[in-house]
Number of protein chains: 2
Amino acid sequence: MRIEERINPKSLQAAMAAAGIDVLVGASSENFFYLTDTLLLSHEIIPERLCMAVMPSEGVPWALVCYCEELQTRQDSWIGEIHVYHEFQESPMEVLARLLKEQGWGRARIGVEKRFLAGVYLEELEALLPEATVLAGDWVFDQARSLKTPQEIEILRAAGLETERAILESFSRSRPGDSEKEVANRISTRLLEGGGTSSWIVLAAGTNTAINHPWAGSKTLELGEIVRVDTGATFRGYRSDVARTAVVGEPNREQLGLYRKLREAELETISRARAGTRACCVYEGFVGAFQRRGLSVTSQAVGHGLGTGLHEYPILNGKEGAELTPGMVLCIEPAVLDSRGFLYHVEDLVLVTEGEPRILTGHMNADDLFVIT
Amino acid sequence: MRIEERINPKSLQAAMAAAGIDVLVGASSENFFYLTDTLLLSHEIIPERLCMAVMPSEGVPWALVCYCEELQTRQDSWIGEIHVYHEFQESPMEVLARLLKEQGWGRARIGVEKRFLAGVYLEELEALLPEATVLAGDWVFDQARSLKTPQEIEILRAAGLETERAILESFSRSRPGDSEKEVANRISTRLLEGGGTSSWIVLAAGTNTAINHPWAGSKTLELGEIVRVDTGATFRGYRSDVARTAVVGEPNREQLGLYRKLREAELETISRARAGTRACCVYEGFVGAFQRRGLSVTSQAVGHGLGTGLHEYPILNGKEGAELTPGMVLCIEPAVLDSRGFLYHVEDLVLVTEGEPRILTGHMNADDLFVIT
């Protein structure tokens, strides 16, 4: 995808101008990909092998990568100007500072990802560019990335549906007595076979479900227990993130009732995700939907943006004042504990539009508690 | 594993004293796990949900985690003192600074992971503790973690062998015409079934092998091509990292000869990994082994430490002066291009001992170029 299919460079540059940033440096995997269309596996496994994309106030971005990533970047990126540094022989910051100076940015206001870039790099860059002002540019990326283009929405939708399918097919193939790890492996394998990379999975049964991010283990699925899965992978550089709940064997009345209330509360929360609503109001809507049904709120957020990153701006918590805008793609994910300490969790993908929120996942039997028999 | 099975806390505290550090804060997944025995999945998927382990100059470490990670940390960790912060309502740094002050460290020399901790956190901590000195403590962790205990060595060895087995079994089940992604999925699935989590894989065929970290794609394995895989997963909190090379169909004379030379050069390089040798001398040994066989050196490092992290200290490059020490576990991984632009790559796990280096992987047919038929 070319940058024009993600965002108009001019609107990113306008956001930079509004933030008083002359030149913007993306170093995280998400922002490097956003600007260059290159997803580096190194970013995931060797994060210290820094790669950067630099967006000037006018013109197009350029890239600075480790010499060993040059070939992939040239193949995958639409960017013409690609510089390299030689790891172990020179610091990426030395090369970045030299290039910025050569291009006339030695006294500029330079926006970097202060929430991502390690302190040692930040200190080095500040020392190398004493006449420049190094400031936080995270916010500019956050805002730009929060508004998805039609192409991005289609990739996110397909990724979400593929993930939902992987969960349901794997649940169908699972039986009481299977271990958490076996069920999790089934889903992860299915995600890989569906084209995903870099998958992750939270899967637990019984009281293990109450752990926030449990590792699937040797515990077996026992009759009467709840199974909770929250999983995702990367598809064409974009993330998926779907949660579903199942019961092992025939559900009892409490389980059916609680799941129904959770699903209703989820849909009610989703209905609040309208353009012009503040993120905190969606959270408040969730709290109200839970309270009206006698459900206990245990989470300080009910969702988040999704895109090239997993937990993107805006986070739907009680303090976030961001206004929802058409083109935002959000995960809405309420969860509730039952009297036995089992956690029920549903998570779906929602597009903010000019009118009604559009649910992108959740069409495959999310209305009913899945029964593993 | 209790901390005593990884390291004597007193030797970590002695290293802190030598570095002039009164209190050491581990925030990366690796160092949090190292000090607490708790591997948080959140660390991998939501890195902004910071968790920290704090080691004082005397006594035992304590932990600071997000409220939603408290349950897992209490279940998995041997640590008694676990504090929580409430995300979106308070900053983890505010809580860290308050706790440090309460414990009398308000004017101390505080070692943090400057190579990991994002600039925004570092600036916040410095502002919150104006009378303290915040300095880089990465080095203390690097050195401590580089020396493995017998328990750690056994986990790393088992993880390496499991990974080697996954590759070989999957190669055996692969056929000409399979896509890169199919072969990669086979290996990743096998790693999950073998108990691994968080697996990653570099797999390519033909000229794609020349990319440093290619994503396995739809390209099919064609007769006469080289297939290169470099993969690993996490087993009980420790990483594996093994590379192997195969040929599709009967190898020609150049392929057999080049693979044999590569394997010989690997073993010659490994033989240099002896206690008292500097890391750069292992690299120089590799360069010599390549040059004597007429092979071109294209990489600026030939290996790295392995443990809870993937690329650990010491990195075996031409500038690293670190002396190898018994108990270090290293990956040695030379690679070479052939005349068709195919990259051959082997990587094995080596334990530095008082005597001969001990190869922990590489016992399953690494001497012969694997043939996919």
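Residues numbered from 1 in each chain as written. Chains lettered and ligands numbered in written order. Predicted model: local features only at pLDDT ≥ 70, side-chain atom pairs only at ≥ 80, totals over all residues.

1. Considerations on the overall build of chain A
Piece 1. Along its length, chain A carries 11 helices and 18 strands.
Piece 2. Relative to the globule expectation of 21 Å for 373 residues, the C-alpha radius of gyration of chain A, 22 Å, shows essentially globular dimensions.
Piece 3. By sequence separation, contacts in chain A at least 24 residues apart represent 66% of the contacts at least 6 residues apart. (Helix = DSSP H or I, 4+ residues; strand = E, 2+ residues; numbered from the N terminus. Rg over C-alpha atoms; globule rule 2.2 N^0.38 Å. Contact = placed C-beta atoms within 7 Å.)

2. What about the interface of chain A and chain B?
Piece 1. Counting residues at the interface gives 45 residues for chain A, matched by 46 residues for chain B.
Piece 2. Looking at the side of chain A that touches chain B, the elements that each hand over two or more residues are helix 3 (41-45), helix 4 (70-76), helix 6 (119-128), helix 9 (180-193), strand 7 (197-205) and strand 12 (312-317) of chain A.
Piece 3. The element best represented in the side of chain A that touches chain B is helix 9 of chain A, accounting for 5 residues.
Piece 4. Looking at the side of chain A that touches chain B residue by residue, the class counts come to 23 nonpolar, 14 polar and 8 charged. (Nonpolar A, V, L, I, M, F, W, Y, C, P; charged D, E, K, R; others polar.)

3. As for the relation of the copies chain A and chain B
Comparison of the two chain copies shows a relationship of rotation about an axis with a shift along it.
Piece 1. Taken as rigid bodies, chain A and chain B are interconverted by a rotation of 180 degrees and an axial shift of 0.0 Å, the fit giving an RMSD of 0.0 Å. Given the turn and translation reported, the copies of this chain are related as if by a two-fold rotation axis.
Piece 2. Same-surface contact between copies: 100% of interface residues of chain A are shared with the interface of chain B. (Least-squares fit on C-alpha atoms with pLDDT ≥ 70 in both.)

4. Describing helix 5 (residues 92-102) of chain B
All names here are of chain B.
Piece 1. Buried within helix 5 are the following residues: Pro92, Met93, Leu96, Ala97 and Leu100. On an axial view of helix 5, the arc spanned by its buried residues comes to 130 degrees, and they lie on one face.
Piece 2. Where helix 5 is buried, its residues meet strand 1 (23-26), strand 2 (52-56), strand 3 (62-66), strand 4 (82-85), strand 5 (109-112) and helix 6 (119-128).
Piece 3. Looking one or two places after helix 5, you find Gly104, whose phi comes out positive at around 85 degrees. (Buried ≥ 20, exposed ≤ 12 C-beta atoms within 10 Å, placed from the backbone. Arc of directions from axis to C-beta.)

5. Regarding the domain arrangement of chain A
Residue and element names in this part refer to chain A.
Piece 1. The domains assigned to chain A are domain 1 (3-146) and domain 2 (150-372).
Piece 2. For domain 1 and domain 2, the distance between their C-alpha centroids amounts to 33 Å.
Piece 3. Tallying the contact residues gives 11 residues for domain 1 and 12 residues for domain 2.
Piece 4. Breaking the side of domain 1 that touches domain 2 down by element, the ones donating at least two residues are helix 2 (29-36) and helix 7 (138-146).
Piece 5. In the side of domain 1 that touches domain 2, the residues fall into 3 nonpolar, 2 polar and 6 charged. (Domains from an automatic or database assignment.)

6. Remarks on unusual backbone geometry
Piece 1. Residue Tyr313 of chain A is joined to Pro314 of chain A through a cis peptide bond whose omega torsion reads 0 degrees.
Piece 2. Here Pro314 of chain A is to be found in strand 12.
Piece 3. Positive phi values are uncommon outside glycine, yet Ser198 of chain B reaches one of about 50 degrees.
Piece 4. Structurally, Ser198 of chain B can be placed in strand 7 (residues 197-205).

7. Details of the sheet that holds strand 3 of chain B
Residues and elements named next belong to chain B.
Piece 1. In space, the 6 strands of this open sheet follow the order 4-3-2-1-5-6, with mixed pairing throughout. Each edge of the open sheet carries a strand with a single partner, namely strand 4 and strand 6 (133-136). Strand-to-strand twist of the sheet, defined as the mean angle between neighbouring strand axes without regard to direction, takes the value 25 degrees.
Piece 2. Pairing between strand 3 and strand 4: 4 bridges, direction parallel. (Pairing = 2+ DSSP bridges. Axes fitted to C-alpha atoms, helices over the stretch in contact; angles between N-to-C directions.)

8. A few points about the sheet that holds strand 13 (residues 329-332) of chain A
Residues and elements named next belong to chain A.
Piece 1. One open sheet holds the 5 strands; their spatial order is 12-11-13-16-17, and the pairing between them is antiparallel. Single-partner strands in this sheet number two, and they are strand 12 and strand 17 (358-359).
Piece 2. Strand direction decides the pairing type here: strand 13 and strand 16 (residues 348-351), joined by 4 bridges, are antiparallel. Bridging across to strand 16, Cys331 finds its partner in Leu349.

9. Digging into the environment of Arg175 of chain B
Piece 1. Summarising the element assignment, Arg175 of chain B is placed in the loop between helix 8 (150-172) and helix 9 (180-193).
Piece 2. Residues Arg175 of chain B and Leu221 of chain B, 46 residues apart in the sequence, show an inter-C-alpha distance of 7.7 Å.

10. Considerations on the environment of Lys261 of chain B
All names here are of chain B.
Piece 1. Within the fold, Lys261 resides in helix 10 (residues 253-271).
Piece 2. Lys261 sits in the partly exposed class, given 19 other C-beta atoms within 10 Å.
Piece 3. Lys261 sits 204 residues away from Ser57 along the chain, and the two C-alpha atoms are 50 Å apart.
Piece 4. Those residues in contact with Lys261 that sit more than four places away from it in its chain are Arg293 and Leu295.

11. A short note on the pairing of strand 7 of chain B
Residues and elements named next belong to chain B.
Piece 1. The buried count for strand 7 comes to 9 of 9 residues, which makes it a mostly enclosed element.
Piece 2. As defined by bridge partners, strand 7 adjoins strand 8 (residues 226-235) across 7 bridges and the pair is classed as antiparallel. Residue Ile201 lies in a different strand from strand 8, and its bridge partner there is Thr231.

12. A few points about the confidence of the model for chain A
Piece 1. Averaged over every residue, the pLDDT of chain A is 95; residues scoring 70 or more account for 98%.
Piece 2. In the predicted complex, the global pTM is 0.96; the interface-specific ipTM is 0.95. (pLDDT = per-residue confidence, 0-100.)

13. Remarks on the nonpolar core
Piece 1. Core analysis: the biggest nonpolar cluster contains 239 residues, and Met52 and Leu330 of chain A together with Met52 and Leu330 of chain B have the highest contact counts within it.
Piece 2. Residue contacts for Met52 of chain A: discarding those within four places in its chain leaves Val25, Gly26, Ala27, Phe32, Ala63, Leu64 and Leu96 of chain A. (Core = buried A, V, L, I, M, F, W, Y, C linked by C-beta atoms within 7 Å.)

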